[in-house]
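Coordinate analysis (summary)
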Amino acid sequence: MTRSRITGIAFHVPERVVTNADLEKLMDTSDAWIVERTGIRERRFVEPGVGPADLAAEAAKKALADAGRRVEDVDFIVFATITRDYMFPGSGALLQERLGLSTVGAMDIHNACSGFVYALATADAFVRVGQYRCVLVVGAEVQSTGLNLSTAGRDMAVLFGDGAGVAVVEPSADESRGVLSCVMHAEGAHAKDLWAEAPTSLVMGRFTQQMLDEGRGYPQMNGRQVFKHATTRFPEVILESLERAGHTLDEVALIVPHQANKRIGDAVAERLGVPPAKVFQNIERYGNTTAASIPIALADARDQGLVKPGDLVVLAAFGGGFAWAASVVRW
Ligand SMILES: CC(C)(COP(=O)(O)OP(=O)(O)OC[C@H]1O[C@@H](n2cnc3c(N)ncnc32)[C@H](O)[C@@H]1OP(=O)(O)O)[C@@H](O)C(=O)NCCC(=O)NCCS
């Protein structure tokens with residue numbers, strides 16, 4: 001079977017920068033609290049009317065240029081998001097239309113923070129069996145319109161940002177380079193430790209006035225449970241993906257984790273016993289962009305010269321589901 005490879009990567013974030021000082025005006029919080037607990041200094045928010053498919057279209061054009069491909073070369077789209085433009089259809093179909101891709105297939109993956117790694121694993125499988133030859137793997141989110149930007153929602157509101165990252169996945173011309181392994185896990189027993197209850201198919205109208213009044217459409221999190229599981233599952237899945245690929249931690253040039261929280265990234269480095277610089281973090285500038293955070297971080301790291309051809313890179317994620325996943329890539 002042919003190995004798949006990321007041949008192009010790019011990201012796009014909205015222009016509007018929202019600093020911690022901006023949030024201080026909306027809720028009882030402080031720059032010091034946010035920086036100390038999360039490492040976040042600023043994030044980007046869209047202007048009203050902009051959805052994940054819009055952000056993804058911009059990132060996709062840049063990623064295709066990076067791969068040296070034209071839009072017409074794309075033969076499939078895998079779109080990871082939990083903030084899709086509409087309940088249905090998926091944002092993949094909307095992106096397909098934005099790019100003018102006629103009848104090219106498109107699917108959505110609704111898997112929260114691990115969505116991009118699940119999407120990459122899906123594209124990898126399609127490319128390896130020869131079904132598709134140029135797949136757009138997308139992570140895009142507009143979290144800002146779904147946050148409770150008041151003191152009642154401050155624990156979640158300070159964490160999230162908007163953005164999109166896209167990878168172009170193609171057959172690898174060089175067998176030694178490309179996606180070497182993908183591993184995926186989930187534990188639905190923790191579904192309600194990180195979730196948004198509504199809109200829900202369980203009630204008529206998907207939303208009741210009471211649910212609206214109680215803010216049950218906003219994301220909710222048991223922060224301590226998430227922290228505890230994330231700091232265990234990240235190291236575990238990174239080591240499992242390396243074992244599957246037949247490599248060891250000391251061969252890794254860079255770990256690019258989902259940007260959940262700087263303290264989680266630091267704890268992962270510590271538990272693995274690797275220097276903090278080996279775990280790439282840019283959460284300071286973009287916040288947690290859920291499914292978009294890994295492709296944004298990977299593109300950012302590559303653009304900074306931290307990922308070079310031949311480097312062994314591990315992508316790893318943990319989040320809602322709970323679901324967690326990792327992929328080892330030879331760049
Ligand atoms: C969310 C998180 C930063 C909170 O940190 P924490 O040290 O656990 O803080 P707590 O939840 O115990 O809250 C401590 C206090 O800060 C307050 N607080 C919460 N959010 C706040 C904010 N944005 N600004 C100021 N104070 C805040 C709480 O109300 C609480 O006050 P109290 O002691 O008077 O009750 C932490 O649990 C965490 O990092 N969890 C992982 C979450 C994550 O990364 N999720 C991303 C999804 S993958």
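Worth saying up front: this structure is predicted, and the values here are computed from it rather than measured.

Some thoughts on unusual backbone geometry
Omega for the peptide link from Phe 88 to Pro 89 comes to 0 degrees, which places this bond in the cis form. Here Pro 89 shows up in the loop between β4 (76-80) and α4 (91-98). Following Gly 321, the chain continues to Phe 322 via a peptide bond in cis, the omega torsion being -20 degrees. Assignment of secondary structure puts Phe 322 in the loop between β12 (312-319) and β13 (323-330). Phi at Ser 102 is positive, roughly 50 degrees, even though this residue is not glycine. Here Ser 102 shows up in the loop between α4 and β5 (105-109). You can call Ser 102 exposed: it has 8 C-beta atoms within 10 Å. In this structure, Arg 206 is a non-glycine residue whose phi angle is positive, near 70 degrees.

Comments concerning the site of the ligand
The local shell around the ligand holds 21 residues, among which Thr 29, Arg 154, Gly 223, Ala 260 and Asn 261 are the closest. Among the secondary structure elements, those contributing two or more residues to the shell around the ligand are α2 (31-38), α6 (154-157), α8 (223-245) and α9 (262-272). Counting residues per element, the shell around the ligand draws most heavily on α8, which supplies four residues. Split by residue class, the shell around the ligand holds ten nonpolar, six polar and five charged. Residues lining the shell around the ligand come from more than one domain, with at least three contributed by each of domain 1 (4-171) and domain 2 (178-330).

Analysis parameters
- Residues numbered from 1 in each chain as written.
- Predicted model: local features only at pLDDT ≥ 70, side-chain atom pairs only at ≥ 80, totals over all residues.
- Helix = DSSP H or I, 4+ residues; strand = E, 2+ residues; numbered from the N terminus.
- Buried ≥ 20, exposed ≤ 12 C-beta atoms within 10 Å, placed from the backbone.
- Near = placed C-beta within 6 Å.
- Nonpolar A, V, L, I, M, F, W, Y, C, P; charged D, E, K, R; others polar.
- Domains from an automatic or database assignment.

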